[in-house]
Amino acid sequence: MKYNCLGKSGLKVSELSFGSWVTFSNQVDESLAVSLLDIAYEHGVNFFDNAEAYAQGESERIMGNAFKKLGWSRDSFIVSSKVFWGGDKPSQRGLSRKHIWDACHSALKRLQLEYLDLFFCHRPDEDTPVEETVFSMDSLVRQGKVCYWGTSEWSACQIMQAYVFAKENSLIPPLMEQPQYNIFHRHRVEKEYLRLYSEVGLGTTIWSPLASGLLTGKYQNGIPNDSRANLNGYQWLKDRVVSKDGQEKISQVNHLKGISENLSCSLSQLAIAWCLKNPHVSTVILGAKSEEQLEENLKSINVKEKLDQVILEDI
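First, a word on what this report is: a plain description of the structure on this page. For clarity, every value in this text was computed on a predicted model and none was experimentally measured.

A word on the packing of helix 3 (residues 97-111) against helix 4 (residues 130-142). Where helix 3 meets helix 4, the closest approach of the two axes is 9 Å, and the angle between their N-to-C directions is 35°. The crossing of helix 3 and helix 4 is right-handed. Contact with helix 3, carried on its side by Arg97, Ile100, Trp101, Cys104 and His105, involves Glu132, Thr133, Phe135, Ser136, Met137 and Leu140 of helix 4 and no other residues of that element.

Here Ser208 lies in the loop between strand 9 (203-206) and helix 8 (235-242). The exposure class of Ser208 is buried, given its relative accessible area of 11%. Sequence-distant contacts of Ser208, defined by excluding residues within four places in its chain, comprise Gln180, Tyr181 and Asn182.

With that settled, the discussion passes to the environment of Gln235. Along the chain, Gln235 falls in helix 8. C-alpha of Gln235 to C-alpha of Ala156: the two residues are 79 residues apart in sequence and 29 Å apart in space.

A separate point is helix 1 (residues 30-42). Turn by turn, an α-helix covers 3.6 residues, leaving residues three or four places apart pointing in a common direction. Taking 1.5 Å per residue as the helical rise, helix 1 with its 13 residues ought to reach 18 Å, and the 18 Å between its terminal C-alpha atoms agrees with that figure. All of the buried residues in helix 1 are Ala33, Val34, Ser35, Leu36, Leu37, Ile39 and Ala40. Among the structural elements, strand 3 (16-19), strand 4 (47-49), helix 2 (58-70) and helix 11 (291-298) are those in contact with the buried residues of helix 1. Downstream of helix 1 by a residue or two, Gly44 has a phi angle that is positive, lying close to 100°.

Okay, the packing of aromatic side chains next. Two descriptors summarise a pair of aromatic rings, namely the distance from one centre to the other and the angle between the planes of the rings. Within the structure shown, the criterion is met by 12 aromatic pairs. Their ring planes at 70° and their centres at 4.9 Å tell us that Phe84 and Trp85 sit as a pair that is edge-to-face. Accessibility expressed as a relative area gives 29% for Trp85, which makes it partly exposed. Between Phe135 and Phe165, the aromatic rings sit 5.5 Å apart at their centres with planes inclined by 80°, giving edge-to-face as the arrangement.

Let us look at the pattern of salt bridges. All told, the structure shown has 13 salt bridges when counted by the stated rule. Of the charged contacts, one joins Asp138 and Arg142 as a salt bridge, the two residues approaching to 2.8 Å between their closest N and O atoms. Linking Asp138 with Arg142, this pair stays in helix 4, spanning four residues, or about one helical turn. For Asp138, a relative accessible area of 5% gives the class buried. Put simply, Asp245 and Lys249 hold a salt bridge, and the shortest N to O gap is 2.7 Å. With Asp245 and Lys249 both in helix 9 (residues 244-262) and four residues apart, the pair spans about one turn of that helix. Judged by its relative accessible area of 43%, Asp245 is partly exposed. We classify Lys249 as buried; its relative accessible area is 16%. The network of salt bridges with shared partners includes Glu15, Lys304 and Glu305.

With that settled, consider the pairing of strand 3. On strand 3, burial covers both faces: Leu16 and Phe18 on one face and Ser17 and Gly19 on the other are all buried. Examined bridge by bridge, strand 3 and strand 10 (residues 283-286) share three bridges and lie parallel to one another. Bridged to Phe18 within strand 10 is Leu286. Bridging between strand 3 and strand 4 involves two bridges; their strand directions are parallel. Among the inter-strand pairings, Phe18 is bridged to a residue of strand 4, identified as Phe48.

Parameters at a glance
- Residues numbered from 1 in each chain as written.
- Predicted model: local features only at pLDDT ≥ 70, side-chain atom pairs only at ≥ 80, totals over all residues.
- Heavy atoms only, no water.
- Axes fitted to C-alpha atoms, helices over the stretch in contact; angles between N-to-C directions.
- Helix = DSSP H or I, 4+ residues; strand = E, 2+ residues; numbered from the N terminus.
- Left-handed = near helix turned anticlockwise from the far one by under 90°.
- Contact = heavy atoms within 4.5 Å.
- Buried < 20%, exposed > 50% of the residue type's maximum accessible area, 1.4 Å probe, protein only.
- Expected span 1.5 Å × (residues − 1).
- Phe/Tyr/Trp six-rings, centres within 6.5 Å; stacked < 30°, edge-to-face > 60°.
- Salt bridge = Lys/Arg side-chain N within 4 Å of Asp/Glu carboxyl O.
- Pairing = 2+ DSSP bridges.

Structure representation (structure tokens):
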């Protein structure tokens, strides 16, 4: 496992990390959660990603119980949460000072931790001045509740606005962004953020390296019965798969399958390794619903070195 500095900070994050979005819910067997975290940790993963919105906080509770059972030294792993969607009431959403404060303390309680290493603004909030959000995050860092703060799915302009305001007012600026990035979804990471890497030292903790399963090949013959696309709350994924754009992407996977076969790896490993080749990607967040799936995806680091310039251009 390789470890990268997160942006311009000295924090070393494993190039592969573990996310709970598609993994932990109130239906998951907590013993499986413990096993998945343990496998990731034993393979060198040190960053574990979560959010208040995942399973309405249940994901954080499950992860917190797993941490307690595993008994790892707190200085050996990195944990994140995100703030934006905390509930249905007006004060439970967005990036106001109150909700940021409440979300942080609720996450700490569910995770059974004294501080968060990373805290993300899960989406931009048009109703809250960016100044209020920056002041609130700076306050949490100075109180020792958060080590670093960042954004998720913010535009380059919005990130720069927050950064400039923080620097002009001697506040702690955002360090990292969590964008979607995969073979089918590239523009923001490769084009829009390009100046931010050098000018503000932006780090990235990218999500959906498998494009919600499109890059695994599992939708080649329709939607499998055990797919997330058939679960309650995932109609958006089913719509994406059956859409014209989704079907075009699925047809393109056939070409990628030929590349993966030549490299003696799975489509998933190829897609993850492709993300790892981007020098602006600090860490690739993996999701897994089984031990076998996680073990397979963790082997992507062995495929990364096989991707030469000819193969990358082909992809």
